[in-house]
Amino acid sequence: MFDELISHLINARRCVVLTGAGISAESGVPTFRGKEGLWGKFKPEQLASMDAFMASPKIVWEWYNWRRELMGQVRPNAGHLALVEMETLFEEFDLVTQNVDGLHAMAGSKSILELHGNIYRNKCVDCDGIFEFRGDIAPDNIPQCGHCGGKIRPDVVWFGEMLDPEIIDAAFAQSEQADVFFSIGTSAEVHPAATLPVVAKNHGATLVEINVEETTLTELADFHFIGKSGDLLPKLVAQLKERRSLAQFPELA
């Protein structure tokens, strides 16, 4: 099923991958938008914002500690692991993710741009300095920044905040230089991330979409595969490795 796509991948020098919530969902990462449980009466927008933190940092940290506990129970799936292997098959490989769960790094991916931050990392609310301590944050005794004295918050992009300009600029630069661009498990509706595959396509990249359903990106994609990344990516990587081996050692054919 990947024969035509692999003919494009064989000659590609730079591969850029964008991942969204879909790949994490396959590991069981919760969306935190359900109605059950202690936090069911809150919408994420009511807790993941600077206004919420300034009004009640204790409640916000209680929520993030709960989220960290749940997310700490999940592990990378076959899709994450396939991307680690895919990274070795291209001269240049860049992974851009909208996810904050750290599963790509846990799987072993090296070149990662985390557009929305990382839920396990902390920073100062005032100076943005990274707070290296990674243990539980006591909601009743939130640490202060050793540099400026500001309260410590999760290092994630909250509602109403801009993405880190260095990270998003790097993502756009990589997309412009891509020979092939994969959009995996993302709705293609959250900007500016949703613009990255369009930029790659406009600069000549082969655009590939892998998702469990069609999105606004589907009609633009050169190749579209409906299914879970954990099912499709390992098969694609296996076929690509085989084709590369045959190209390098034709006597094995």
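From a predicted model like this one, the values you see are computed outputs, not experimental measurements. (Residues numbered from 1 in each chain as written. Predicted model: local features only at pLDDT ≥ 70, side-chain atom pairs only at ≥ 80, totals over all residues. Heavy atoms only, no water.)

**Thoughts on the overall build of the protein chain**
Link 1 in the chain: Looking only at helices and strands, the protein chain features ten helices and nine strands.
Link 2 in the chain: The C-alpha atoms of the protein chain give a radius of gyration of 20 Å, which matches the 18 Å a tight globule of 253 residues would have.
Link 3 in the chain: Looking at the 253 residues of the protein chain, the share that counts as buried comes to 48%.
Link 4 in the chain: Total accessible area on the protein chain is roughly 12,700 Å²; 51% of this is exposed by carbon and sulfur atoms. (Helix = DSSP H or I, 4+ residues; strand = E, 2+ residues; numbered from the N terminus. Rg over C-alpha atoms; globule rule 2.2 N^0.38 Å. Buried < 20%, exposed > 50% of the residue type's maximum accessible area, 1.4 Å probe, protein only. Areas by Shrake-Rupley, 256 points an atom, 1.4 Å probe, with all protein chains shown as cover.)

**Brief notes about the confidence of the model for the protein chain**
Link 1 in the chain: When pLDDT is averaged along the protein chain, the result is 91, and 92% of the positions lie at 70 or above.
Link 2 in the chain: Taken as a whole, residues 249-253 scores under 50 in pLDDT and shows two contacts with residues more than four places along the chain or in a different chain. (pLDDT = per-residue confidence, 0-100. Contact = heavy atoms within 4.5 Å.)

**Quick look at the side chain of Thr-215**
Link 1 in the chain: Locating Thr-215 in the fold gives a position in the loop between strand 8 (206-211) and strand 9 (223-226).
Link 2 in the chain: A distance of 2.4 Å separates a polar atom in the side chain of Thr-215 from a polar atom in the side chain of Glu-209.
Link 3 in the chain: Within the local environment of Thr-215, its side chain forms a polar contact with the backbone nitrogen of Leu-217, the two atoms lying 3.0 Å apart.
Link 4 in the chain: Among all residues touching Thr-215, those that are not within four sequence positions of it are Thr-186, Ser-187, Ala-188 and Glu-209. (Polar contact = N/O pair within 3.5 Å; in protein donor to acceptor, adjacent residues only side chain to side chain.)

**Overview of helix 5 (residues 57-71)**
Link 1 in the chain: The terminal C-alpha atoms of helix 5, which comprises 15 residues, lie 21 Å apart, in line with the 21 Å expected from a rise of 1.5 Å per residue.
Link 2 in the chain: Within helix 5, burial applies to Pro-57, Val-60, Trp-61, Trp-63, Tyr-64, Asn-65, Arg-67, Arg-68 and Met-71.
Link 3 in the chain: In this fold, the buried residues of helix 5 make contact with helix 3 (44-47), helix 4 (50-55), strand 4 (117-124) and strand 6 (152-156). (Expected span 1.5 Å × (residues − 1).)

**Description of the sheet that holds strand 6**
Link 1 in the chain: Pairing in this open sheet of three strands is antiparallel, and the strands run 5-4-6 from one edge to the other. Two strands in the sheet have a free side with no partner beyond their single neighbour: strand 5 (130-131) and strand 6.
Link 2 in the chain: The pairing of strand 4 with strand 5 spans two bridges and is antiparallel. If you follow Asn-122 over to strand 5, its bridge partner there is Phe-131. (Pairing = 2+ DSSP bridges.)

**Topic: the pattern of salt bridges**
Link 1 in the chain: Enumeration over the complete set of coordinates arrives at twelve salt bridges.
Link 2 in the chain: Salt-bridge contacts for Glu-161 lead to Arg-153; the nearest nitrogen and oxygen are separated by 2.7 Å.
Link 3 in the chain: Here Glu-161 falls in the partly exposed class, since its relative accessible area comes to 25%.
Link 4 in the chain: Here Arg-153 falls in the buried class, since its relative accessible area comes to 2%. (Salt bridge = Lys/Arg side-chain N within 4 Å of Asp/Glu carboxyl O.)

**Some thoughts on the packing of aromatic side chains**
Link 1 in the chain: Applying the stated criterion to the full structure yields five aromatic pairs.
Link 2 in the chain: On the numbers, 5.0 Å between centres and 75° between planes, the contact of Trp-63 with Tyr-64 is edge-to-face.
Link 3 in the chain: Seen in terms of ring centroids, Tyr-64 and Trp-158 are 6.4 Å apart; in terms of plane orientation they differ by 45°. Their pairing is tilted. Of this pair, Tyr-64 sits in helix 5 while Trp-158 sits in the loop between strand 6 and helix 8 (165-176); the two residues are 94 residues apart in sequence, bridging distant segments of the chain.
Link 4 in the chain: You can call Trp-158 buried: its relative accessible area is 2%.
Link 5 in the chain: Of the aromatic side chains, those joined through ring pairs into one cluster are Phe-53, Trp-61, Trp-63, Tyr-64 and Trp-158.
Link 6 in the chain: The ring of Trp-63 carries the charged tip of Arg-67 above its face, separated from the ring centre by 4.8 Å.
Link 7 in the chain: We note Arg-153 situated over the ring of Trp-158; from NZ or CZ to the ring centre the distance is 3.7 Å. (Phe/Tyr/Trp six-rings, centres within 6.5 Å; stacked < 30°, edge-to-face > 60°. Lys NZ or Arg CZ within 6 Å of the ring centre and 35° of its normal.)

**A few points about the pairing of strand 1 (residues 14-19)**
When a strand is regular, its side chains alternate between the sheet's two faces.
Link 1 in the chain: The element strand 1 is largely enclosed, with a buried count of six among its six residues.
Link 2 in the chain: Judged by which residues are buried, strand 1 turns out to be covered on both faces: Arg-14, Val-16 and Leu-18 on one side and Cys-15, Val-17 and Thr-19 on the other are all buried.
Link 3 in the chain: Bridge count between strand 1 and strand 2 (residues 92-97): six bridges; the pairing is parallel. Its bridge partner lying in strand 2, Cys-15 is registered against Phe-93.

**Quick notes on the pairing of strand 8**
Link 1 in the chain: The buried count for strand 8 comes to six of six residues, which makes it a mostly enclosed element.
Link 2 in the chain: Here strand 8 shows two buried faces, one formed by Thr-206, Val-208 and Ile-210 and the other by Leu-207, Glu-209 and Asn-211.
Link 3 in the chain: Alignment of strand 7 (residues 180-184) against strand 8, held across five bridges, turns out to be parallel. Looking across to strand 8, one finds that Val-180 is bridged to Thr-206.
Link 4 in the chain: For the crossover that starts at strand 7, traverses helix 9 (residues 196-202) and ends in the parallel strand 8, the hand is right-handed.
Link 5 in the chain: Bridge analysis of strand 8 against strand 9 gives four bridges, and the strand direction is parallel. Across the sheet, residue Glu-209 finds its bridge partner in strand 9, namely His-224. (Right-handed = clockwise from strand over helix to strand, strands pointing away.)

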